[in-house]
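So you can see what is in the structure, the chains are spelled out below.
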Amino acid sequence: MKLKFTKMHGAGNDFIVVDAINQDVSLSTEQWRRLADRRFGIGADQILIVERPSEPGVDFRYRIFNNDGSEVEQCGNGSRAFVRFVVDKGLSRERSIRVQTMSGIINPRMEEDGSITVDMGAPRLEPSELPFDAAGLAGWAEGEDTLWPLPVQGKTVFVSVVSMGNPHAVQVVDDVDSAPVAQTGPLIETHPRFPKRVNAGYMQVLDRHHIRLRVFERGAGETLACGTGACAAVVAGIRRGLLDSPVRVSARGGELSIAWAGPGQPVYLSGPAVTVFEGEVEI
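This one's a predicted model, so the numbers in the text were calculated from it and none came from an experiment. Chains are numbered independently. Their residues run from 1 in the order of the written sequence. Thresholds applied to this predicted model are a pLDDT of at least 70 for local features of residues and 80 or more for the giving and counting of side-chain atom pairs; totals over whole chains, interfaces and linings are not thresholded and use all residues. To get the side-chain values, all heavy atoms of the structure are used, and hydrogens and water are removed first.

(A) Structural view of the pairing of strand E13 (residues 199-207). As paired elements, strand E12 (residues 167-172) and E13 share five bridges and run parallel to each other. Within the sheet, the bridge partner assigned to Gln171 lies in E13 and is Tyr202. A crossover connection joins E12 to the parallel E13 through helix H3 (residues 181-189); in handedness this β-α-β unit is right-handed. Two strands qualify as a pair provided DSSP detects at least 2 bridges between them. Put simply, DSSP H or I for four residues or longer makes a helix, DSSP E for two residues or longer makes a strand, and each gets a number counted from the N terminus. Here E13 runs beside strand E14 (residues 210-217); their pairing, made up of seven bridges, is antiparallel. Note on E14: the bridge partner recorded for Gln204 is Arg212. Note on handedness: a crossover is taken as right-handed if, strands pointing away from the viewer, the path from the first strand over the helix to the second is clockwise.

(B) Summary view of empty space enclosed by the protein. A 1.4 Å probe that fits but cannot get out identifies a cavity on a 1 Å grid over protein atoms alone, an open set with protein on both sides within 12 Å along at least five of seven lines counts as a pocket, and a residue lines either if it has an atom within 4 Å of a point. Grid points are joined across faces, edges and corners, and a volume is the space filled by probe spheres set on the points. Inspection of every chain in the model, using the stated rule, returns two cavities of 30 Å³ or more. Reported here for the largest cavity is a volume of approximately 100 Å³. Taken together, 15 residues line the largest cavity, and the ones lying closest to its centre are Gln46, Gln74, Asn166, Asn199 and Glu217. Going through the elements one at a time, strand E4 (60-66) and helix H4 (227-239) are the ones with two or more residues in the lining of the largest cavity. Taken together, Leu213, Arg214, Val215, Thr223, Leu224, Ala225, Cys226, Ala251, Arg252 and Leu256 form the lining of the second largest cavity. When residues of the lining of the second largest cavity are assigned to their parent elements, the largest contribution, three residues, is made by E14.

(C) Main features of the nonpolar core. Counting residues in hydrophobic clusters, the biggest one holds 50 residues, and the most contacted among them are Val50, Tyr62, Phe82, Ile211, Val249 and Ile258. At seven residues, H4 tops the list of elements feeding residues into this core. Here, nonpolar core means buried Ala, Val, Leu, Ile, Met, Phe, Trp, Tyr and Cys residues that are tied together by side-chain atoms lying within 4.5 Å of each other. Classification of residues uses two cut-offs on accessible area relative to the type maximum, computed with a 1.4 Å probe and protein chains only: under 20% is buried, over 50% is exposed, and between them is partly exposed.

(D) Up close: the pairing of strand E18 (residues 267-271). E18 sits mainly inside the fold: four of its five residues count as buried. In terms of strand pairing, strand E8 (residues 116-119) meets E18 through four bridges, oriented antiparallel. Its bridge partner being in E18, Ile116 is matched across the sheet by Gly271. Summarising the sheet, strand E17 (residues 254-260) and E18 pair through four bridges and their orientation is antiparallel. Considered in E18, the bridge of Ile258 is made with Leu269. A loop of six residues connects E17 with E18, the two strands running antiparallel in sequence, and Gly262 in this loop sits at a positive phi of about 125 degrees.

(E) View of the environment of Leu256. With respect to the helices and strands, the residue Leu256 is situated in strand E17. Using a relative accessible area of 3% as the deciding quantity, one classes Leu256 as buried. As a C-alpha pair, Leu256 and Ser92 span 164 residues in sequence and 25 Å in three-dimensional space.

As structure tokens, this is what we get:
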């Protein structure tokens with residue numbers, strides 16, 4: 001079969017976007033993995049699937065597959081690419097849409113300047129909601145947050161745990177350029193305290209409204225930007241008393257903006273979404 005696709009990115013976090021409304025799409029885990037392979041396929045961090053909704057009151061269903069073929073709950077940068085795709089393809093005439101994801105409803109909106117803002121919903125802050133197994137651990141209070149000790153490579157790393165519909169473990173580092181992302185990221189991702197694995201964030205605070213961030217993503221490895229990771233890092237920084245909203249997030253692939261008014265309130269993620277090329281591939 002032939003599959004039509006669009007290659008897109010959000011701050012360097014790159015995607016294969018597939019319209020499953022106007023073509024039949026039913027691929028195996030191995031086929032998703034091969035499509036995302038940068039040598040044997042198209043290449044992407046994630047594959048985004050546009051489907052008809054399966055529940056009332058929403059416009060589309062949004063499914064996300066990591067480049068290892070696993071399906072995941074949420075992708076913030078992908079949600080911006082999603083709304084640009086459906087608008088550019090004429091699948092929606094609305095600039096603001098309601099989208100069904102595995103973790104709930106999100107509300108992406110295309111702004112007049114072409115940037116896209118997504119209501120990512122309120123963060124979930126209880127360890128059990130990630131899930132994170134905190135049994136037997138002594139957490140360390142900092143501001144309104146709790147830092148949890150994780151043994152990694154013979155050292156103890158203190159992390160904030162935040163769910164943005166997907167799980168994140170965020171640590172503060174002095175310099176993201178020298179942070180051991182490639183060495184400790186995989187160990188945190190698969191740490192037994194996170195039964196569904198976790199995204200590992202490394203945050204450098206530049207001032208109260210600006211951070212630098214690297215994220216080793218669950219099922220994808222380090223990406224040039226991670227939207228939900230940016231949201232989780234800012235939430236953790238505000239709760240720790242290190243940041244004030246709004247916060248500019250400098251990732252290796254570009255700039256994002258995050259706003260959060262506090263507990264119980266939604267996190268707003270803003271940034272670019274760019275179409276790179278379109279194509280057709282034989283499956």
